[in-house]
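Overview (structure and organization)
Residues per chain, in single letters:
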Amino acid sequence: MSEAVSYSVRDGIAIITMNNPPVNGLGSKLRPGIMQSLKKVEADAAVKAAVIWGSPKVFSGGADIREFNTPKSFEPPSLPEINEEQDRMKKPLVAAIGGFAMGGGLELALGCHYRVAAPRTQLALPEVKLGILPGSGGTQRLPRIIPVAKAVEMMTTGNPIPAEEGKKLGLIDEIATGDLLETAVAYAKKLVAEGKGPRRVRDLTAKVDGDVKAFFAQVRDQVAKASRGFPAPLEIVACAEAAVTKPFDEGRKFERERFAVLVETTESKALRHMFFAERQTTKIPDVPEDMPTREVKKAAVIGAGTMGGGITMSLVSAGIPTTIIEMKQEALDRGLGIIKKNYAATVAKGRLKQEAMDKNMSLITPSLDLGAAKDADIVIEAVFERMDVKQDMFRKLDAIAKPGAILASNTSTLDVDQIAAVTKRPQDVIGTHFFSPANVMRLLEVVRGKKTGKDVLATTMKLGKAIRKVPVVSGVCDGFIGNRMIEKYGQQSLFLIDEGCSPQQVDAAAQKWGLAMGPLAMGDMAGLDIGWEIRKRRYVERPNFRYSKVADRIAERGRFGQKTGKGWYLYEPGSRKPIPDPEVDKIIADYRKEAGVKTRPISDEEIVERLIYALVNEAAYILEEGIALRASDIDMVYLTGYGFPAYRGGPMFYADTVGLAKVLATIEGFQKGYMGEVWKPAPLLVKLAKEGKKFNG
Ligand code: NAD
């Protein structure tokens, strides 16, 4: 017997206990032990029934992710083989489910003949979130035991249901109000006493009311609308239909075939890449995982503007008491008012309880005195984006903050090392670059200065996770990872306009490809004055940087985007819907004359390639310079901070799927075109393309 599974017999009931921390992943340690135990139950005449379980808190989280993509995941027996053994058993097998049964964990429970669960246990088949489907009979068994429509909902959303709902639906036979194992053993004894044998889920029938074809046509319609370019949800519907229309073994065969197809899709590969990429970001090569971290029990945020308010919400939502500091009462009141309004809107939508809002608000201490930051374990500064203002603030914070406090800046462009240099404790200074709206966006770029202490970095990454962000380490450079790349993307969007595209053509091509928003509409949302200010600074700092001045011509007319009702588009009062504006066409046409650009028709394909490869090429420089630790970190930045479509897996992953040689050849083609001098293929891209390699290993 493997160490991860123990077997004992009590009063004729075998107890099979799975023990593979932390989540009883059904890996190579667990599967053989389960199989042997099931056989032992059948072979031992003294055993009348069996219970399989983990602990009151853990049944099983499904496949062992540590073994993904390794030969271990294929070591026999497979989960389907275990399920078949469960079906062959002549003695009743009861699952005692505590905590959660997810994915393969729930399929194991579905292979059992009866199910007892602890209260509030979570039950789910979340495979769809990785672009696949439950591949061990889940799609055939679940619709046989709960209503088909509910089974489809669970499998296409991947969302869990609590055991209490499972009981109502028929998935759970009994809720254990007392001790879980004792209840399950008693349940098994009762089965024996009543002479009940196995009740195999495979022998039940999946039924729908009315016409099967019409039922699935409607389900397909609904699911297609919600599945946003992903094939898995519709394949799951097809499998559920097979559960209704075919015998179990045929349905299983169909499920296996559809699973094999989905595993190979780019969409699924992208989602799995994202899943692992998210778990990688906190791994920092020169910072050991057991690096002692500092305690963050209290925070202070300086500035109650757009960002300060959102950052404060993120902190208090995670239970961290936060002092928010402003210069003037009016600004403080405005900031707090917005925080309250945002929480109230979430309460109104039913996504937050009123008590939770009240608790969050009670954790905020407003102040007009910078001295109130003295107790904070971390101070996050979100004041105006000017070096002199930031340095002045850090000098003051250096004098006020307690020893060991982390001093963080939310700067989006400024040099964190220069900010740190004005303090006597540069080791305690770090950048925390949140994205707007900071209470919603998951990305947090953690900017590691030259002198930032390793423990400060580790603590900030840990805090990032605690406030439910995706923290990604960036080195110091202009724009860090995300904005440095977006500058090249924005530059191309303007060159495309110079050459003949309308803003709506560029945006439509980008959106059709999958981006949440096109570059011009994004500019209107962020405010065109921001980019204009940056460009004015750049004209001085980097006179050789090539820009189209077409965006300046728009901004010069006071067209700052949504906030002024006009930008690249027109906006009706209170609406965010961009409306094409003939005045903009005129400004663009005049600019083309001014710059002497000859226009030409440009395909949607070229638009997308120019935009995305501009990101990719800059990202290759960023990777080579060590600003980003790994390609997948860059992907996470774009997936969680820039509306990059999940099914494309991020810019680096996307470039890998296109093939780096092809990406390079296309970029070399662009070098010969309009403003071709801005396209300098990154040496890393050239090298990997030559070697036939990928960014993501
Ligand atoms: P904002 O103008 O909305 O807010 C800044 C606030 O800081 C104002 O309320 C101001 O009164 C306050 N403030 C200024 N000096 C202060 C001082 N000495 N003491 C206390 N309060 C002071 O600006 P924002 O958009 O929230 O940006 C803040 C920082 O975040 C900037 O560094 C910006 O670059 C960065 N950032 C902004 C965004 C964004 O999308 N807005 C995104 C990421 C990072």
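Just so it is clear, the model here is predicted, and its values are computed rather than measured.

1. Section: the sheet that holds strand β8 (residues 161–162)
As summarised here, the arrangement of the 3 strands in space is β5-β7-β8, forming an open sheet in which the pairing is mixed. Strands at the two margins of the open sheet, each flanked by one partner only, are β5 (100–102) and β8. Here helix α3 (residues 104–111) sits on the sheet in contact with β5 and β7 (122–124), set at roughly 100° to β5.

2. Comments concerning the site of the ligand
The immediate surroundings of the ligand are formed by 20 residues, with Met 307, Glu 326, Glu 385, Lys 390 and Ser 412 found nearest. Between the ligand and Glu 385 there is a distance of 2.5 Å, counted from an oxygen atom to a side-chain nitrogen or oxygen. Here Lys 390 contributes a side-chain N or O atom positioned 2.6 Å from an oxygen atom of the ligand. Look at the ligand: alone it shows 830 Å² of surface, and the protein chains cover 77% of it. At the level of elements, α12 (306–317), α15 (387–400) and β15 (429–434) are the ones that each hand at least two residues to the shell around the ligand. Broken down by class, the residue content of the shell around the ligand amounts to 9 nonpolar, 8 polar and 3 charged.

3. Overview of the pairing of strand β3 (residues 49–53)
For β3, the tally of buried residues reaches 5 of 5 residues, placing the bulk of the element in the interior. Both faces of β3 are covered, namely the face carrying Ala 49, Val 51 and Trp 53 and the face carrying Ala 50 and Ile 52. Here strand β2 (residues 13–18) pairs with β3 via 5 bridges, running parallel. Bridge pairing in β3 places Ile 13 opposite Ala 49.

4. A closer look at the packing of helix α13 (residues 329–348) against helix α14 (residues 354–362)
In the contact formed by α13 and α14, the axes pass within 9 Å of each other and the chain directions differ by 160°. By the criterion of interaxial angle, the relationship of α13 to α14 is roughly antiparallel. Handedness of the crossing formed by α13 with α14: right-handed. Two secondary-structure elements touch here, α13 through Leu 336, Ile 339, Lys 340, Tyr 343, Ala 344 and Val 347 and α14 through Gln 354, Met 357, Asn 360 and Met 361. In terms of residue class, the contact of α13 with α14 is made up of 7 nonpolar, 2 polar and 1 charged.

5. A few points about the nonpolar core
Soluble globular proteins tend to pack their nonpolar side chains together in the buried interior. Within the largest apolar cluster, 74 residues are counted, with the highest numbers of intra-cluster contacts made by Ile 481, Trp 568, Ile 612, Ile 634, Leu 685 and Phe 695. For this core, the element with the highest residue contribution is helix α24 (residues 604–624), accounting for 12 residues. If sequence neighbours within four positions are ignored, Ile 634 has contacts with Ile 481, Met 485, Ala 619, Ile 622, Leu 623, Ala 628 and Met 652.

6. As for the pairing of β2
The element β2 is extensively covered by neighbouring structure, given that 6 of its 6 residues are classed as buried. Of the two faces of β2, both are covered, the one formed by Ile 13, Ile 15 and Thr 17 as well as the one formed by Ala 14, Ile 16 and Met 18. Relative to β2, strand β1 (residues 5–10) runs antiparallel, the two sharing 6 bridges. Bridging from a neighbouring strand, Ser 8 pairs with Ile 15 of β2. The turn linking β1 back onto β2 is made up of 2 residues, and Asp 11 within it adopts a positive phi angle of 50°. Crossover handedness for the path β2 to helix α1 (residues 31–43) to β3: right-handed.

7. Overview of the sheet that holds strand β12 (residues 364–367)
Reading across from one edge, β12-β11-β10-β13-β14-β15-β16-β17 is the order of the 8 strands in this open sheet, with mixed pairing throughout. If you trace the sheet from one side to the other, it starts and ends with β12 and β17 (470–475), each paired once. Looking at each pair of strands side by side, their axes are set apart by 25° on average, direction ignored. Alignment of strand β11 (residues 322–325) against β12, held across 4 bridges, turns out to be parallel. For Ile 325, the partnering residue across the bridge sits in β12 and is Ser 367. Against the sheet, α15 makes contact with β10 (299–302), β13 (378–381), β14 (406–409) and β15, and its axis sits at roughly 170° relative to β14, the strand it touches most.

8. Quick word on the environment of Glu 668
Its location among the elements puts Glu 668 in helix α27 (residues 660–671). Assessed through its relative accessible area of 35%, Glu 668 is described here as partly exposed. Remark: the alpha-carbon pair of Glu 668 and Val 347, spanning 321 residues in sequence, is separated by 52 Å.

9. What to know about α12
With 12 residues, α12 extends 17 Å between its outermost C-alpha atoms, agreeing within 8% with the 16 Å of an ideal straight helix rising 1.5 Å per residue. Within α12, 10 of the 12 residues are buried, leaving the element largely enclosed by the surrounding structure. Turning to α12, its buried residues number three or more, namely Met 307, Gly 308, Gly 309, Gly 310, Ile 311, Thr 312, Met 313, Ser 314, Leu 315 and Val 316. Gly 319 sits one or two positions beyond α12 and adopts a positive phi of about 85°.

10. Quick notes on the pattern of salt bridges
Taken as a whole and judged by the stated rule, the model has 57 salt bridges. For the salt bridge of Arg 88 with Glu 85, the shortest nitrogen-to-oxygen distance reads 2.8 Å. Here Arg 88 pairs with Glu 85, and both are found in helix α2 (residues 79–88), just 3 residues apart, close to one helical turn. A salt bridge links Asp 388 to Arg 386, with the nearest nitrogen and oxygen atoms 2.8 Å apart. Using a relative accessible area of 44% as the deciding quantity, one classes Asp 388 as partly exposed. Owing to a relative accessible area of 48%, Arg 386 belongs among the partly exposed residues under this scheme. Linked by salt bridges that have partners in common, Asp 478, Glu 487, Arg 537, Arg 538, Glu 541 and Arg 542 make up one network.

11. Examining the side chain of Asp 377
Mapped onto the secondary structure, Asp 377 falls in the loop between β12 and β13. Leave out the neighbours within four places in its chain, and Asp 377 touches Glu 295, Val 296, Lys 297, Lys 298, Lys 402, Gly 404, Ala 405 and Ile 406.

12. Points about the packing of aromatic side chains
Taken as a whole and judged by the stated rule, the model has 13 aromatic pairs. Between the aromatic rings of Phe 215 and Phe 216, the centroid separation amounts to 5.0 Å while the plane-to-plane angle is 85°, which identifies the pairing as edge-to-face. Taking relative accessible area as the criterion, Phe 215 reaches 18% and is therefore assigned buried. Residue Phe 216 is classed as buried on the basis of its relative accessible area of 0%. Seen in terms of ring centroids, Trp 513 and Tyr 654 are 5.0 Å apart; in terms of plane orientation they differ by 85°. Their pairing is edge-to-face. Pair noted here: Trp 513 is in helix α19 (residues 503–513) and Tyr 654 is in helix α26 (residues 651–658), with a separation of 141 residues, a long-range link. Among the aromatic residues, those joined into a ring-pair cluster are Phe 435, Trp 513, Tyr 638, Tyr 642, Phe 644 and Tyr 654. One Lys or Arg, Lys 246, reaches over the ring of Phe 254 and ends 5.9 Å from the middle of that ring. The ring of Tyr 539 carries Lys 549 above its face, with NZ or CZ at 5.0 Å from the centroid.

Rules used throughout
- Residues numbered from 1 in each chain as written.
- Predicted model: local features only at pLDDT ≥ 70, side-chain atom pairs only at ≥ 80, totals over all residues.
- Heavy atoms only, no water.
- Pairing = 2+ DSSP bridges.
- Helix = DSSP H or I, 4+ residues; strand = E, 2+ residues; numbered from the N terminus.
- Contact = heavy atoms within 4.5 Å.
- Axes fitted to C-alpha atoms, helices over the stretch in contact; angles between N-to-C directions.
- Near = heavy atom within 4 Å.
- Polar contact = N/O pair within 3.5 Å; in protein donor to acceptor, adjacent residues only side chain to side chain.
- Areas by Shrake-Rupley, 256 points an atom, 1.4 Å probe, with all protein chains shown as cover.
- Nonpolar A, V, L, I, M, F, W, Y, C, P; charged D, E, K, R; others polar.
- Buried < 20%, exposed > 50% of the residue type's maximum accessible area, 1.4 Å probe, protein only.
- Parallel < 35°, antiparallel > 145°, perpendicular 65-115°, else oblique.
- Left-handed = near helix turned anticlockwise from the far one by under 90°.
- Core = buried A, V, L, I, M, F, W, Y, C linked by side-chain atoms within 4.5 Å.
- Right-handed = clockwise from strand over helix to strand, strands pointing away.
- Expected span 1.5 Å × (residues − 1).
- Salt bridge = Lys/Arg side-chain N within 4 Å of Asp/Glu carboxyl O.
- Phe/Tyr/Trp six-rings, centres within 6.5 Å; stacked < 30°, edge-to-face > 60°.
- Lys NZ or Arg CZ within 6 Å of the ring centre and 35° of its normal.

It is worth stressing that arrangement in space is one thing and function is another; only the former is reported here.
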